[in-house]
Amino acid sequence: MPQPDTAKSTFLLRPGEWALVLAIVIAIALTAFVDANHSYWFRPLESVRDIARNTALLGIFALGATVVIIAGGIDLSAGSMIALSGTVCATTMLALAPAQMMGFKPVGGVAVAVGCAASLLAGFLVGTLHAWLITAVRLPPFIATLATLVGLRSLARALCESSTAALTPTKSALINISDPFFKTVRDNVWIPVAVFGVLAIVTWILLTRTVLGRHLHALGGNEQAARLAGIRTDNVKWFAYCFGAMTASLAGLFYMANESVAAPVNQGRGHELNAIAAAVVGGCSLAGGVGTVPGTVLGAIFLRVVIDAVSKIIKTGADVYEGLIVGIVVVIAVTLAQLGQLAKGGRRLLPGGLGLCAIPTLAVLCGGIVSMTAGGRAGMASAAGAALLLGFVRFWESRRTP
Amino acid sequence: MRGITKRFPGVVALADVTLEVGRGELHAICGENGAGKSTLMKILSGVYQPDEGDLEIGGRPVRFSGTRAAERAGIAIIHQELALVEDLSVAANVFLGRETRTSLGLLDDPAMHDACGRLLASLECQVSPATRTGSLRVGDQQLVEIAKALSLQASIVVMDEPTSALTESESARLERTIRRLLAGGTTILYISHKMDEVFRLADRITVLRDGRHVRTVARADTTPREITGWMVGRELADQECRQTRTRGAKLLEVRRLTLPWPEHPRGYRLSDISFELQAGEILGVAGLMGAGRTELLETIFGAGEPTWTGEIRLDGKPVRFGHPREACAARIAMVTEDRKRLGLFPDLDVAGNVSLCSLHEATRGGLLSRRREEELVAAPVRETGVKTPGVHASIMGLSGGNQQKCIISRWLLTQPRLLLLDDPTRGIDVGAKAELYALIDRLCRAGLGVILTSSELPELLTLADRIIVLAEGQLTAEFSRAEATEQKIMEAATGGWPDRLGSSRPDVAGDDRPGLRLVPGPRDDRPPIGKDR
């Protein structure tokens, strides 16, 4: 029975990706209107620069996450890799030019280049370690990268403390960066954006137009079949995890430049989940084999636009709500992608006792969030509204399927 | 079931099908893949709801909202793909969702265990109810499904191709079980491709084609030939691929191949296997499931355990492949046994699935070119006769036969000299099978050496020039085409033990034991090509 070919692009992008574009536009428009300061109206350039920088930084390692996810794996260690990368670069420069580093003076081109190269090398080594743990030791990718998620941050902190203890008068949990090269990177937003753009194009060509890219898709789609088709699956995995770790270390350099400090305690903490979220919102399947670069780029933009919207609309303590909003948005985006099936297959969103309990749960959640941000009365109202709406959905569903 | 119609997006799966089944009857339902057999049965068992039509059981109209409702009405279905939780015990699976509980509301394991044990004993199944289900053989898992149906006290049992994964002796045991169920008044709806089974068991036979009811006849009033004709909509000419093929030089030689199996009491998966293959020849490998057919092909292809000993010579030169990649480079191709699990890439389109092993030929300046890829796959897709709406259609939308042709196309692109086919027609309907036979014959005539395993003996007898028989990892017989009969092969495949289920460790090692070797004489002196030499 011939099936319509839904996987192919309609016009430039796939349908789900056009929906993402629309969602981005809506989020921006909403922020422009709702934000009491109207900063999107009055200082558009500043907003664009902010979102562009954050998107580029997230996008760089979200591309790495995309490649790993398409290959059927998962890399949970990106956030710690970001911390390790900054620390390795700073430590290397500290070792090469300790006096300049401590005196907040330029350390020289050679030290910068060696520092950055050391970071990327660290990424390669971590990727190799992941691939070895997964293919030779046969750990599940989730376990292997969970171990490095906790392990690498510790390692970065230990490296930072022992190198500062050895090379400077006092032991320290962070290393300040004052070289003009990193200042330039920090002050010119087009640099990370350009790097992200080039990396996106390279990754896109890699995934769609090279043999290796096809093998990545095949590996993620059906690993055993890929091996039996003569693909060296272990080597393909090696590449995928190295790509994932090296993009994270590249992003780590930018984070370090951005904050003018290598601070392994907190730098990049939790970012791995943002990268995975960007990839998933962009249409990657965690089962492997499915995903696109344009999808992930749009996913990263969408995520950053939403986070920016939260910080613009909620003036004080926006970072408190950031995780909550990102979580909700990921759930909604992935649910919307399945909505077609939901309607067609007769599946119900609120079935049985679970559905019944989900209605008050969601209503309380909704009311709680609103009352904390906009006051108790609005919270009560929105909780009641949500309960009514969901109740109606359940009623409608039960009418539809006897 | 009256006037049942079921539509899926883009296709009418069932159009106005009416089916009447008497109490205590075994009603066989035949049809090619995609004829609507499984859909009809899924409607009966509540998996799908019909768009039109009514169901009546015992004269009362019923309407099932789900499988639970159908179970309450006494209908149990045993799916083709078994639906068991591998990590739970047999007893837990049988009572899954309907667990017996003690007065405290806790699980009453001993009671379930006993009840399950009784059910299994009544099915001649010797596994313990405490066994982990995943460790059972497919045949025993099937019996667990049947035990589950029995525990429901189902009055109607639907079996969807129950023997497709069973060995002959397991099938025989299943047949005995079926007869007992029928004697107890259970009604059975039996879906099968296999005419011999259908004609042994069925009281009446219904044929479906393209979602329509073709006809229902009593077994006595028809012939397998007629049924097959109704299934495909035409009379099938008996396949004859046996015209002489010319053989070339010796291509492959396997000497004393042994593959150890440390964690098993038998100690080996393959023991002391020797045979030869010439170019332009089809060597059939017969054997029950677990006899080592797949292991033999995988070892040659470098896809199995690397621990084997012995000698594999390709063109007279000893080879030992550590990875399928190396075997590909030596121009060996292997079409794997389980298409969905080991062959297909569901996320790649038809072209992507076909070009996968020879992608470097579809590049221009190091990058894949969509046009070159289309050109590359066009030839093998045409040669194998894949029916597809286009090379960029989804591979999962094709029928099993066409998917298999795509995989053969994939390997033809690598220009193999040796083609290993592991049960290539499993789950493929009759019409497509005939096309695959013709294709395999054509490839062989073009000079390929082919090793073919199959769980269906007629297939081997149709295609192969010679047949070797494996039993419990040992080579027990070799027949030329003229010598081979189903009877002889079965005897060799069961290793001389009519009930091999009880004997987990048959002692067939000694060459001096009479009756085990069907071809007389010491193995190594035997002429390799049978009586044609």
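Residues numbered from 1 in each chain as written. Chains lettered and ligands numbered in written order. Predicted model: local features only at pLDDT ≥ 70, side-chain atom pairs only at ≥ 80, totals over all residues.

At the interface, 25 residues of chain A touch 31 residues of chain B. Contributing elements (two or more residues each) for the side of chain A that touches chain B: helix H9 (190-209), helix H10 (211-221) and helix H11 (223-228) of chain A. In terms of residue class, the side of chain A that touches chain B is made up of eleven nonpolar, eight polar and six charged. (Contact = placed C-beta atoms within 7 Å. Helix = DSSP H or I, 4+ residues; strand = E, 2+ residues; numbered from the N terminus. Nonpolar A, V, L, I, M, F, W, Y, C, P; charged D, E, K, R; others polar.)

For any part of a model where pLDDT is low, the fine detail of the predicted coordinates should not be relied upon. For chain B, per-residue confidence averages 80 on the pLDDT scale, and residues scoring 70 or more make up 86% of the total. In this model residues 496-533 of chain B is a low-confidence stretch, pLDDT under 50, and it forms 48 contacts with partners more than four residues away in sequence or in other chains. (pLDDT = per-residue confidence, 0-100.)

Take the sheet that holds strand S7 (residues 156-160) of chain B next. Residue and element names in this part refer to chain B. Taken in spatial order, the six strands line up as S6-S7-S8-S3-S9-S10 in an open sheet, and their pairing is mixed. Two strands in the sheet have a free side with no partner beyond their single neighbour: strand S6 (75-78) and strand S10 (212-218). For this sheet, the mean inter-axis angle between neighbouring strands, taken without regard to orientation, is 15 degrees. Relative to S10, strand S9 (residues 204-209) runs antiparallel, the two being bridged by six bridges. Following the sheet pairing, Arg209 is matched in S10 by Arg212. Running at roughly 145 degrees to strand S8 (residues 187-191), helix H6 (residues 168-183) makes contact with strand S3 (26-30), S7 and S8 of the sheet. (Pairing = 2+ DSSP bridges. Axes fitted to C-alpha atoms, helices over the stretch in contact; angles between N-to-C directions.)

This brings us to the domain arrangement of chain A. The domain architecture assigned to chain A consists of domain 1 (42-299) and domain 2 (352-400). Relative placement of domain 1 of chain A and domain 2 of chain A: their C-alpha centres are 40 Å apart. (Domains from an automatic or database assignment.)

To continue, consider the nonpolar core. Formed by 185 residues in total, the largest nonpolar core has its most connected members in A:Leu303, B:Leu420, B:Val450 and B:Val469. Discounting residues that sit within four places of it in the chain, A:Leu303 has contacts with A:Leu58, A:Asn274, A:Ala277, A:Ala278, A:Val281 and A:Val326. Judged by nonpolar contacts, the second largest core, of 60 residues, contains B:Ile146, B:Ala149, B:Met159 and B:Ala434. (Core = buried A, V, L, I, M, F, W, Y, C linked by C-beta atoms within 7 Å. Buried ≥ 20, exposed ≤ 12 C-beta atoms within 10 Å, placed from the backbone.)

Moving on: helix H1 (residues 15-34) of chain A. Residues and elements named next belong to chain A. In this model, H1 (20 residues) spans 28 Å end to end at C-alpha, consistent with the 28 Å of a helix rising 1.5 Å per residue. Turning to H1, its buried residues are Glu17, Leu20, Ala23 and Thr31. Down the axis of H1, the buried set is contained in an arc of 105 degrees. They therefore lie on one face. Opposite the packed face of H1, turned more than 90 degrees from it, sit the exposed residues Leu22, Val25, Ile26, Ala29 and Phe33. (Expected span 1.5 Å × (residues − 1). Arc of directions from axis to C-beta.)

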